[in-house]
Amino acid sequence: MPLVHTIIEKTRKLTTWKSQLIPGTILDVNLAVAIFIIDLLVGIAGFMWLEQFEFIDAFYQTVITISTVGFTEVKRLDDQGKIFVSFYILFNIGVFAYILSVFSYYIIQGEIFKTMHLNYVKSSIESLSNHVIVCGFGKYGREITKHFLQHKIPFVVIDINPERIESIQGSESDILYIQDDATHDEALIAAGVGRARSLIAALPEDSDNVFIVLTARQLNPQLDIISRAKDPKSQKKLALAGANHVVMPEQIGGFYMATLVSKPGAVEFFSFITNEHSSDIGFEELAYENVPASCQGRKLGELHIRQNTGANIIGFRDAVGYYHINPGPDTVLSPQTSFIVLGDKRQLNKLKDYLNTFYI
């Protein structure tokens, strides 16, 4: 056993040394299998040609030669057979060393488990649909993913930074990711942009976000795209590139702080109801396309939402995107419109059940 441990340790060091001098792809499992098969065929062919062995005898002689188990030869070898076997054994020392190096690299150093993990992530992403693609796992991307995890919204993160990818891999949450440049078409396609419902461009540079938005819009014309912007001049460019919404975090933060001075009570109230950790109050959007057919085309007064669920309709978004506060009972839920509902978790859950069983 000490000898085995010594061999493994020396092989591990040899593998590490090799990986510093040559690309890691040279230590490839498929190549190791191919070399072993070729080695086996060379031995069989050599014994059949030089010693006139039958196939079964040649195969048996090859196996006991490779494995060095020391069994008796099938028949006594002549001089040319002895020379062939001598060089064949020397050749197998190199083959064995390479296979052991591959074993050390993929098993001992965990590469095989890394490959299995990446295959799992890839297959999980390929099975997603109606998900969100988050481009960038910086300070804003992390906050976005926290929200999605809390609400169980499926998403994929794209980031090229190795340290950020390592933080994802070390996270307790099961986050799907792609380590690539989000401005590349291939990265967006691998993330399932054609099947996604939304994309968030949260990279720090506006130029990168413009490129992402432009590419994503071409790949999926129906995609809902939200982009971060740092420079006010970039808002128009992002909108022209195809962004549905452009968010400027610094501007929102400044507006929030200024409003705390002029309307502190109102701001604190909305902060309370939107804080998921201290309040169970939330908002829901009842879009025409997402409600049951029995509710589509109905007037607000016909739905009787307040009476049956306790939730309140506080806003209405019309077909051109304009918002109306406290819509009247004659407001109709028509195509491309939606109601904004306010309520606690119990009321909002009751609302979903109520709409699914609604009929007139």
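Up top is the structure these notes are about.
Thresholds, definitions, all that
- Residues numbered from 1 in each chain as written.
- Predicted model: local features only at pLDDT ≥ 70, side-chain atom pairs only at ≥ 80, totals over all residues.
- Heavy atoms only, no water.
- Helix = DSSP H or I, 4+ residues; strand = E, 2+ residues; numbered from the N terminus.
- Buried < 20%, exposed > 50% of the residue type's maximum accessible area, 1.4 Å probe, protein only.
- Areas by Shrake-Rupley, 256 points an atom, 1.4 Å probe, with all protein chains shown as cover.
- Polar contact = N/O pair within 3.5 Å; in protein donor to acceptor, adjacent residues only side chain to side chain.
- Contact = heavy atoms within 4.5 Å.
- Pairing = 2+ DSSP bridges.
- Axes fitted to C-alpha atoms, helices over the stretch in contact; angles between N-to-C directions.
- Salt bridge = Lys/Arg side-chain N within 4 Å of Asp/Glu carboxyl O.
- Core = buried A, V, L, I, M, F, W, Y, C linked by side-chain atoms within 4.5 Å.
- Phe/Tyr/Trp six-rings, centres within 6.5 Å; stacked < 30°, edge-to-face > 60°.

Visitor: I would appreciate a short explanation of the overall build of the protein chain in the present structure.
Guide: If you tally the helices and strands in the protein chain, you get 15 helices and 10 strands. Burial analysis of the protein chain (360 residues in total) assigns 37% to the buried set. Carbon together with sulfur atoms contributes 61% to the accessible area of the protein chain, which is approximately 21900 Å² in total.

Visitor: Hey, could you run me through the side chain of Thr331 in this one?
Guide: Here Thr331 is to be found in the loop between β9 (323-325) and β10 (338-344). On the basis of relative accessibility, which here comes to 17%, the residue Thr331 falls in the buried class. Among the polar contacts listed, one links the side chain of Thr331 to the backbone oxygen of Gly328, at a separation of 2.9 Å. Aside from chain neighbours lying at most four places away, what touches Thr331 is Arg298, Lys299, Leu300, Phe316 and Phe339.

Visitor: Could you clarify how one ought to interpret the sheet that holds strand β8 (residues 312-317) in this entry?
Guide: Strand pairing in a sheet relies on backbone hydrogen bonds. The paired strands run either parallel or antiparallel. One open sheet accounts for four strands, arranged β7-β10-β8-β9; its pairing is antiparallel. The open sheet has two free edges, formed respectively by β7 (281-287) and β9, since each of these has just one partner strand. Adjacent strand axes in the sheet meet at a mean angle of 25° when their direction is disregarded. Bridge analysis of β8 against β10 gives five bridges, and the strand direction is antiparallel. Bridging from a neighbouring strand, Arg317 pairs with Ser338 of β10.

Visitor: Looking at this model, I keep getting lost on the pattern of salt bridges. Mind explaining?
Guide: A side chain of one charge can pair with a side chain of the opposite charge when the charged atoms of the two come close. Applying the stated criterion to the full structure yields five salt bridges. Between Glu143 and Lys146 there is a salt bridge; the shortest N-O distance is 3.6 Å. Note that Glu143 and Lys146 are positioned in helix α6 (residues 139-150) at a spacing of three residues, about one turn of the helix. Lys146 sits in the partly exposed class, given a relative accessible area of 48%.

Visitor: What is the right way to read the nonpolar core from this model?
Guide: When a protein is soluble and globular, its nonpolar side chains tend to lie buried together. Core analysis: the largest hydrophobic core is formed by 42 residues, its most contacted members being Ile133, Cys135, Phe148, Val157, Ile158 and Leu199. With near-sequence residues (within four places) excluded, Phe148 lies in contact with Val132, Val134, Ile153, Phe155 and Ile200.

Visitor: I'm lost on the packing of aromatic side chains in this one. Help?
Guide: By convention here, two paired aromatic rings are described through the distance between centres and the angle between planes. One pass over the structure, following the stated rule, counts six aromatic pairs. Considering the side-chain rings of Phe47 and Phe84, the 5.4 Å spacing of their centres and the 90° angle between planes classify their relative orientation as edge-to-face. Within this pair, whereas Phe47 is found in helix α2 (residues 29-50), its partner Phe84 is found in helix α4 (residues 79-108), the two being separated by 37 residues in sequence. Taken as a pair, Phe47 and Phe84 share a single burial class, namely buried. Consider the rings of Phe148 and Phe155, whose centres lie 5.7 Å apart with planes at 45°: the pair is tilted. With a relative accessible area of 10%, Phe148 lands in the buried category. An aromatic cluster of at least three residues, connected via ring pairs, comprises Phe47, Phe53, Phe84 and Tyr88.

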